[in-house]
Amino acid sequence: MEHPGTLVLIMALAVLAPLLGYATGRWLPVPVVIFEIVLGVLAGPDVLGWAHHDQVIDTLSDLGLSMLIFLAGYEIRFAEVRGPTLRRAGGAWVLSFAAGLGVALLISGADLAKSLVIGTALTSTALGAVLPILRDSGRLEGRFGSVVMAFGSVGEFGPIIAMALLFSGRSPGAASVVLAAFAVVTAGAVVWAVRPRPPWFARLIAVTLHSSGQFAVRFVMLLLAGMLGLAHVFGLDTLLGAFAAGMLTRLVLQGAVPESSGQVLERIEAIGFGFLVPFFYIVTGIDFDLAALLDGGRPLLLLPVFLLLFLLVRGVPAYLLAPRDLTGRGSRTALGLFSSTCLPLVVAITAIGLDEKVIGAGEAAALVAAAMLSVLVFPLLAFRLLRGEEGGGGRTVPGREAETGEAW
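Computed from a predicted structure; not experimentally measured.

### Regarding the pattern of salt bridges
So, point 1. Scanning all chains against the criterion turns up two salt bridges.
So, point 2. With a shortest N-O distance of 3.2 Å, E363 and R298 are connected by a salt bridge. Taken together, the positions of E363 in helix 18 (residues 361-389) and R298 in helix 15 (residues 298-320) put the pair 65 residues apart, joining distant regions of the chain.
So, point 3. Sharing partners across several salt bridges, the network here consists of K114, R298 and E363.

See the structure below:
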């Protein structure tokens, strides 16, 4: 390890972030991820210059992003998101992609490569950030939570598929063939996942759940590593493998040990939200090009433009195609706001755009900064609308305490 001090610094910032979230929560509930990113920016080269990159830091950050997408894939409940709700969610994303590409063509001066990057970024939803917020507020289990899950799942899966098709360096036809082959292999894994497990499998999970063996956790990590490796072999973005691994894990655990799946998930979330995911967000802050954002007028002017476009391109189609049983205007608007909340995929997509030299550092910084603001602003507005629709009291969110938890 070239910079062990940076590793210690990142872990110290990961501890400081929830402390700041707790301290400010009585006046303004701020997502913990915002503190993680801002602290990363302060420690990064454009401010204090304390943090430095090496291979270990980069690897842990990549694993953090994969874990975030894995947990989002795990949260998908197939029985609740299929059917008309899923079709509406798919239609809303297709409409978002068309609108995003059209707007991006205008912004980029008809530069197709740049438009694909910007347009795809505008259609993403941070399901991995939205679902913990809803779960902490007690709204994930109801109808509104299942609708947000459907729209958020498509809003995360759609851009990942678009990345696989458009940013792989292959022709669209070749990329489609590779993606279809990956889908066939994944479908085979799904068939395997839903098959009944032998009795010893459940017994071993129960016996080792509270011991150093931790068979279930190790098995889940194997699934994640296997799907990441499979995506790499096919030349696809590893986020596709992480998302598929999350879905497979739910199918296996719910089928084999439904009574213990919650405890297994708690251990996986402890690894994710306790270590790897904060690592990703802090390194995102360290990598954030603050100088490019503040250098000249255009990137800074693009920041509010992109924030508004997230809402218009992603939120308006979600509002228009919301299921009919979401009758309240507040609920439909909240769905649009949650659907417009983004960040992880925006970071991944802009990183690809920078590597391929199709977008500038200022545009990438403006997109990431706008995505950071979406995580801060849109969920707060959505909860305000939901509480207003419930008559001011409604369900506790559960008060301010849940809103300042780790998910925030």
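### Considering the nonpolar core
So, point 1. F144, F306, F310, L335 and F338 are the most contacted members of the largest nonpolar core, which totals 135 residues.
So, point 2. Looking at which element gives the most residues to this core, the answer is helix 18, with 14 residues.
So, point 3. Leaving out residues up to four positions away in the same chain, F144 has contacts with L134, R139, L326, S331, A334, L335, F338 and L386.

### A word on helix 6 (residues 112-121)
So, point 1. Of all ten residues that make up helix 6, eight are buried, and the element is covered over most of its length.
So, point 2. Considered for burial, the residues of helix 6 that qualify are K114, S115, L116, V117, I118, G119, T120 and A121.
So, point 3. By the N-cap criterion, in which a side-chain oxygen at the helix start approaches the backbone nitrogen of a residue two or three places on, helix 6 is capped by D111, the distance to A113 being 3.3 Å.

### Remarks on unusual backbone geometry
So, point 1. With a phi angle near 65 degrees, A110 is a residue other than glycine that sits in the positive phi range.
So, point 2. For A110, a relative accessible area of 58% corresponds to the exposed category.
So, point 3. A positive phi angle is found at Q214, which is not glycine, with a value near 45 degrees.

### Concerning a nonpolar patch on the surface
So, point 1. A surface patch of nonpolar side chains, about 450 Å² in accessible area, is lined by V38, L42, V47, L48 and W50.
So, point 2. Here L48 shows up in the loop between helix 2 (32-43) and helix 3 (55-74).

### Considerations on the confidence of the model for the chain
In regions of low pLDDT, the predicted coordinates are not meant to be interpreted in detail.
So, point 1. Residue-level pLDDT values for the chain average 83, and 92% of them are 70 or greater.
So, point 2. Across residues 392-408, confidence stays below pLDDT 50; counting only partners more than four residues off in sequence or on other chains, it has 44 contacts.

### A short note on the environment of L16
So, point 1. Position of L16 relative to the elements: it lies in helix 1 (residues 4-24).
So, point 2. As for L16 and F306, which are separated by 290 residues in sequence, their C-alpha atoms are 29 Å apart.

### Topic: the packing of helix 3 against helix 12 (residues 238-256)
So, point 1. Packing of helix 3 against helix 12 brings their axes to within 7 Å, and their N-to-C directions diverge by 45 degrees. When the interaxial angle is binned, helix 3 and helix 12 end up oblique. Handedness of the crossing formed by helix 3 with helix 12: right-handed. Contacts between helix 3 and helix 12 pair L65, S66, I69, F70, A72, G73 and Y74 from the former with L239, A242, F243, A245, G246, M247, T249, R250, L253 and Q254 from the latter.
So, point 2. Of the residues belonging to the contact of helix 3 with helix 12, the class tally is eleven nonpolar, five polar and one charged.

Rules behind the numbers
Sequence positions are assigned chain by chain, starting from 1 and proceeding in written order. Only residues with pLDDT of at least 70 get local features here, since the model is predicted, and only at 80 or more are side-chain atom pairs given and counted; chain-wide, interface and lining totals rely on the full set of residues. The side-chain numbers reported here are obtained from all heavy atoms of the structure, hydrogens and water having been left aside. Within this document, salt bridges are pairs made up of a side-chain nitrogen of Lys or Arg and a carboxyl oxygen of Asp or Glu, the two lying within 4 Å of each other. A run of DSSP states H or I qualifies as a helix once it reaches four residues; a run of E qualifies as a strand once it reaches two. Both are numbered from the N-terminal end. In plain words, nonpolar cores are sets of buried Ala, Val, Leu, Ile, Met, Phe, Trp, Tyr and Cys residues tied together by side-chain atoms within 4.5 Å. For every residue, the accessible area obtained with a 1.4 Å probe (protein chains only) is divided by the maximum for its type, and the residue is called buried under 20%, exposed over 50%, and partly exposed between those limits. It only takes one pair of heavy atoms within 4.5 Å for two residues to be counted as in contact. The term polar contact refers here to a pair of N or O atoms within 3.5 Å; inside protein, the definition further demands a hydrogen-donor-capable atom paired with an acceptor-capable atom, and it admits residues adjacent in sequence only when both atoms are side-chain atoms. Without a salt bridge and with relative accessible area above 30%, a residue can belong to a patch; like charges are then joined within 9 Å and nonpolar side chains (Val, Leu, Ile, Met, Phe, Trp, Tyr) within 5 Å. For the area figures, the Shrake-Rupley method with a 1.4 Å probe applies, and any residue is considered shielded solely by the protein chains shown. On a scale of 0 to 100, pLDDT captures the predictor's confidence in every residue. Only the stretch in contact is used when a helix axis is fitted, and all axes are lines through C-alpha atoms; the angle between N-to-C directions ranges over 0 to 180 degrees. Throughout, the term roughly parallel applies to angles under 35 degrees, roughly antiparallel to angles over 145, roughly perpendicular to angles from 65 to 115, and oblique to all others. Left-handed describes a crossing whose near helix is turned anticlockwise from the far helix through less than a right angle; right-handed describes the clockwise counterpart. Gly falls in the polar group here, along with every residue not listed as nonpolar (Ala, Val, Leu, Ile, Met, Phe, Trp, Tyr, Cys, Pro) or charged (Asp, Glu, Lys, Arg).

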